[in-house]
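# Observations on the three-dimensional arrangement
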Amino acid sequence: MRTIDWVDGAVELIDQTRLPDECVTLRITTVDELVDAIRRLAVRGAPALGVAGALGVVLSGGDPDAVARLRAARPTAVNLAWGVDQAAAWLPEGRAAVLEAALRIRDEDIAACLAMGERGADLLTSGALASKAPTSGAFASEASTSGAFASDLPAVDLPDLLAPAGRGLRIMTICNTGGLAAVERGTALGVAQTLHERGLLAEVLALETRPLLQGARLTAWELARMGAPHRLVADGAGPYLLARGGVDAVLVGADRIAANGDTANKIGTYALALGAARAGVPFLVVAPETTIDVATPTGAGIEIEDRGAEEIVTLRGTRLAPEGTDAVNPAFDVTPHDLITAIVTDKRVIRP
Ligand SMILES: CSC[C@H]1O[C@H](OP(=O)(O)O)[C@H](O)[C@@H]1O
């Protein structure tokens, strides 16, 4: 199953606003239909947006205004503009060349996500991520397997934590970073999928991810299809569950990684990173190299999409707050690089 693809002269994509109730494929033939799909998150996730942007240039027929509308459909994920630019560079060579470039980007994403899954799973089970002995104290009642990633403390390699219990890894994640955020397999959830396929996944704790509930609607749907053990978590419970112990690593995606490693991701990621740092749990960002934006020096330079009050004061059309209640709705936040244990890409592991 592919989240987005080029089929018989049109873009076909799963309408993610309809999941988990129904899996509906949209057939998109114009740039404005695609812009609408991007803006309402029918197609979403940085890698998927990169492919959507590239395929959208094919639909544009070279109309510069259409290309500009496509490129600006959502500001934070660098992949959208990157995909548009990569495909648009071939416009002087004609439509066939643009389509070839877009399909290359699609295929490269498929390969990149496979590589990230392997690299991330290897990192988590190779002992390369050392963690200090479980802390004592009120929140360590549960046999905490967490521990700060630190090279200067007596380290207990992760496999040692696995061996005695003979159990897999317990992973926490936010938003949706599975195949629905890419083409076939995902990024952070792709690592969990690889761990599951290797028999090394004990559980995924997925944050529901208000306001659009990518975790509750999409990640739970994907994990159920994988047959992977998982439970849903209210967003606010994430940091507490990390403090209580029992989470081996936090895996998140990225929409834009600045040159210094500061990372923009779904709103709530920063709070999770703070909780992970406090609890001494490794916090990994998993993203393709195409999400690294060397032109943006630090996270301060990343534009954070504000999606307006409606998504906060209503839930799938039902009003939650009293009429007239306003809301603040940043769709992303920025995690400073010093809270990130490692960035796993399709080509390398970066310790920011
Ligand atoms: C691997 S997708 C990266 C990123 O995209 C998601 O945002 P959205 O659902 O608004 O497109 C989320 O931040 C994921 O972590």
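Before reading on, note that the structure itself is shown above.
All of the points below concern the structure found in this document. Source: prediction; values computed, not measured.

Right, let's get into the site of the ligand. Near the ligand lie 18 residues; those nearest to it are Arg 44, Arg 74, Asp 255, Asn 265 and Lys 266. In this structure, Lys 266 approaches the ligand through a side-chain N or O atom, which is 2.7 Å from an oxygen atom. Only helix H2 (46-60) and strand E11 (263-266) provide two or more residues apiece to the shell around the ligand. Across the shell around the ligand, the residue classes tally to 7 nonpolar, 7 polar and 4 charged.

As for its placement among the helices and strands, Lys 347 is situated in the loop between strand E17 (342-344) and strand E18 (349-350). Lys 347 sits in the exposed class, given a relative accessible area of 60%. The spatial distance from the C-alpha of Lys 347 to the C-alpha of Val 78 is 18 Å, given a sequence separation of 269 residues. If we skip the residues at most four places from it in the chain, Lys 347 touches Arg 119 and Glu 289.

Looking now at the nonpolar core. In terms of nonpolar packing, the biggest core is built from 37 residues, with Ile 4 and Ile 38 touching the most fellow members. Ranked by residues supplied to this core, first place goes to H2 with 10 residues. Setting aside residues no more than four positions away along its own chain, Ile 4 makes contact with Val 11, Glu 12, Leu 13, Val 43, Ala 48, Val 51, Ala 52, Leu 55, Ala 182 and Val 183.

A separate point is the sheet that holds strand E13 (residues 292-293). Across a sheet, strands are paired by hydrogen bonds formed along the backbone, either parallel or antiparallel in direction. Strand order in the open sheet made by the 4 strands is E13-E10-E11-E16, with mixed pairing throughout. Looking along the sheet, the strands with just one partner apiece sit at the ends: E13 and strand E16 (332-335). In this structure, strand E10 (residues 256-258) lies alongside E13, joined through 2 bridges in parallel fashion. If you follow Ala 258 over to E13, its bridge partner there is Asp 293.

Another aspect to go through is the pairing of strand E3 (residues 25-28). The alternating pattern of E3 places Leu 26 and Ile 28 on a buried face, while none of Thr 25 and Arg 27, on the opposite face, is buried. Where strand E2 (residues 10-14) meets E3, 4 bridges bridge the pair, whose relative direction is antiparallel. Bridging across to E3, Ile 14 finds its partner in Thr 25.

Cut-off values and rules
Residues numbered from 1 in each chain as written. Predicted model: local features only at pLDDT ≥ 70, side-chain atom pairs only at ≥ 80, totals over all residues. Heavy atoms only, no water. Near = heavy atom within 4 Å. Polar contact = N/O pair within 3.5 Å; in protein donor to acceptor, adjacent residues only side chain to side chain. Helix = DSSP H or I, 4+ residues; strand = E, 2+ residues; numbered from the N terminus. Nonpolar A, V, L, I, M, F, W, Y, C, P; charged D, E, K, R; others polar. Buried < 20%, exposed > 50% of the residue type's maximum accessible area, 1.4 Å probe, protein only. Contact = heavy atoms within 4.5 Å. Core = buried A, V, L, I, M, F, W, Y, C linked by side-chain atoms within 4.5 Å. Pairing = 2+ DSSP bridges.

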